[in-house]
Amino acid sequence: MKSQFIQFDKTNKTHYLVAGHGDVLILLPSLWVTSESYISLGSELSKNFKVIIPDIYRGKSVFDKNTGNIDDYVEAFYNLIKALSIDKFYLVGVSFSGLVATKYILQHPKTINKLFLVSTTAVPLLFKYKKLILIYGYIKLLYHNLFSIDGIKTNLLWCSDSIKNLVRHPVQVINEGFIATSNYDDRVSDMNVPTKLVFAKKDEFISKETLIRMRKIKNLEIEIVDHFHAWFFKHEDELANRIVAFF
């Protein structure tokens, strides 16, 4: 995938990876990692789409102000879409970025063809000690990858990518953790565009009770897979096939 930058002014520019041709598909990276962790998946999807993986408030991007709220992510994403002159596109949100993607389509549904969500939630998480659950979830996530060569490679990729991201943007990385565990008042009843969620049956972060509440949302198709939260890093072909089939 080719590395590019879009310059907004003297002090702000967003980095993104791009590959392929045809209809535009934008993939938003998950919590604390960057487009670097999604090169393999993006390359697979680029066989069918023009794939763009932007590093909003992360990675090689440069920004003069950190943010502590998800609305700024949505606004920055919308500004990127306008700057790239994209009229309509397919969107993939993974884990934390699913929150950004959901909020984006509620505000700008006319720019989206379809939305594909992976291991995320479209409703508030209603449980206590979210920050402890986030930390404990990541410990379990890394542990579950210790029993295969592919899993160990995935752990090394995550750690390398997230450490580089932390070095570049230490305050924003901390802020992102607080954003991911914040309480949201949004009550989503309709996704506004055709949406599919692939929910991991053994998810380390999101409860089955949350899944039950999401079943009431209009325009949301849910598929349950017998995997852990980050299953797709070890089954990228499987995820790519699901995305292509839905889009």
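Scope of this entry: the structure provided in the associated data block. (Residues numbered from 1 in each chain as written. Predicted model: local features only at pLDDT ≥ 70, side-chain atom pairs only at ≥ 80, totals over all residues. Heavy atoms only, no water.)

### Side note on the pattern of salt bridges
Selection rule: By definition here, a salt bridge exists when the distance from a side-chain nitrogen of Lys or Arg to a carboxyl oxygen of Asp or Glu is within 4 Å. What counts as a helix is a DSSP run of H or I of at least four residues, what counts as a strand is a run of E of at least two, and both are numbered from the N terminus. Classification of residues uses two cut-offs on accessible area relative to the type maximum, computed with a 1.4 Å probe and protein chains only: under 20% is buried, over 50% is exposed, and between them is partly exposed.
All told, the structure shown has 10 salt bridges when counted by the stated rule. Between lysine 103 and aspartate 71 there is a salt bridge; the shortest N-O distance is 3.3 Å. One end of the pair, lysine 103, is in helix H3 (residues 96-107); the other, aspartate 71, is in helix H2 (residues 70-83), with 32 residues separating them in the sequence. The exposure class of aspartate 71 is partly exposed, given its relative accessible area of 37%. Across the pair glutamate 209 and arginine 213 runs a salt bridge, and its minimum N-O distance is 2.8 Å.

### Points about the pairing of strand S8 (residues 218-225)
Where we set the bar: Two strands pair if DSSP finds at least two bridges between them. Orient the strands so they point away from the viewer, and a crossover whose first-strand-to-second-strand path over the helix runs clockwise is right-handed.
Where strand S7 (residues 190-200) meets S8, 7 bridges bridge the pair, whose relative direction is parallel. Bridge assignment links threonine 195 to a residue of S8, and that residue is leucine 220. Crossover S7 to S8 through helix H7 (residues 208-214) is right-handed.

### Some details on the layout of surface pockets
Threshold: A cavity, in this analysis, means grid points on a 1 Å lattice covering only the protein atoms where a 1.4 Å probe fits yet has no way out; a pocket is instead an open set bounded by protein on both sides within 12 Å along at least five of seven lines, and a residue lines either one if it has an atom within 4 Å of a point. Grid points are joined across faces, edges and corners, and a volume is the space filled by probe spheres set on the points.
Roughly 400 Å³ of internal volume is contained in the largest pocket. In this structure, the largest pocket is lined by 22 residues; those nearest its centre are Leu31, Trp32, Val33, Tyr138 and Ser162. Secondary-structure elements contributing two or more residues to the lining of the largest pocket are helix H4 (130-144), helix H5 (149-168) and helix H6 (170-180). At 5 residues, the largest contribution of residues to the lining of the largest pocket is made by H5.

### Section: the packing of H2 against H3
In helix packing, the relevant descriptors are the interaxial angle and the interaxial distance, both defined with respect to the helix axes. So the rule is basically this: Axis definition: a line fitted to C-alpha atoms, limited for helices to the stretch in contact. Angles are taken between N-to-C directions and run from 0 to 180 degrees. When an angle is under 35 degrees it counts as roughly parallel; over 145 it counts as roughly antiparallel; between 65 and 115 it counts as roughly perpendicular; any other value is oblique. Handedness of a helix crossing follows the sense of rotation of the near helix relative to the far helix, less than a right angle counterclockwise being left-handed and clockwise being right-handed. Should any heavy atoms of two residues lie within 4.5 Å, those residues are counted as being in contact.
The interhelical angle for the contact between H2 and H3, taken along N-to-C directions, is 65°, at an axis separation of 9 Å. When the axes of H2 and H3 are compared, the pair comes out roughly perpendicular. Note that H2 runs across H3; the crossing there is right-handed. Note on element contacts: H3 touches H2 through Phe96, Leu99, Val100, Lys103, Tyr104 and Gln107, opposite Ile70, Asp71, Tyr73, Val74, Phe77, Tyr78 and Ile81.

### Regarding the nonpolar core
The cut-off we apply is this: Throughout this description, the term nonpolar core refers to a set of buried Ala, Val, Leu, Ile, Met, Phe, Trp, Tyr and Cys residues connected via side-chain atoms within 4.5 Å.
In terms of nonpolar packing, the biggest core is built from 75 residues, with Leu25, Ile26, Phe77, Phe89, Leu91 and Met214 touching the most fellow members. Methionine 214 has contacts with Thr120, Thr121, Ala122, Val123, Leu197, Phe199, Leu220 and Ile222, leaving out every residue within four places of it along the chain.

### Considerations on the environment of leucine 106
Position of leucine 106 among the secondary structure elements: in helix H3. As a C-alpha pair, leucine 106 and asparagine 192 span 86 residues in sequence and 6.7 Å in three-dimensional space. Not counting residues up to four positions away in its chain, the partners in contact with leucine 106 are Val188, Asp190 and Asn192.

### Description of the environment of isoleucine 26
With respect to the element layout, isoleucine 26 can be found in strand S3 (residues 24-28). Residue isoleucine 26 is classed as buried on the basis of its relative accessible area of 1%. In the structure, isoleucine 26 is positioned 64 residues away from tyrosine 90 in sequence and 6.2 Å away in space, judged by C-alpha atoms. Discounting residues that sit within four places of it in the chain, isoleucine 26 has contacts with Ile52, Pro54, Phe77, Ile81, Ile86, Phe89, Tyr90, Leu91 and Val92.

### Focus: the packing of aromatic side chains
Our working definition: Aromatic pairing here means that ring centres of Phe, Tyr or Trp (its six-membered ring) are within 6.5 Å. Orientation follows from the plane angle: under 30 degrees is stacked, over 60 is edge-to-face, and everything else is tilted.
In total, this model carries 20 aromatic pairs according to the counting rule given. Measuring from centroid to centroid gives 6.3 Å for phenylalanine 116 and phenylalanine 247, while their planes differ by 85°, and the two rings are edge-to-face. Here the residue phenylalanine 116 occupies a position in strand S6 (residues 112-118), and phenylalanine 247 occupies one in the segment after helix H8 (236-246), the gap between them amounting to 131 residues. By the burial criterion, phenylalanine 116 is buried, and phenylalanine 247 matches it. Measuring from centroid to centroid gives 5.1 Å for tyrosine 143 and phenylalanine 147, while their planes differ by 85°, and the two rings are edge-to-face.

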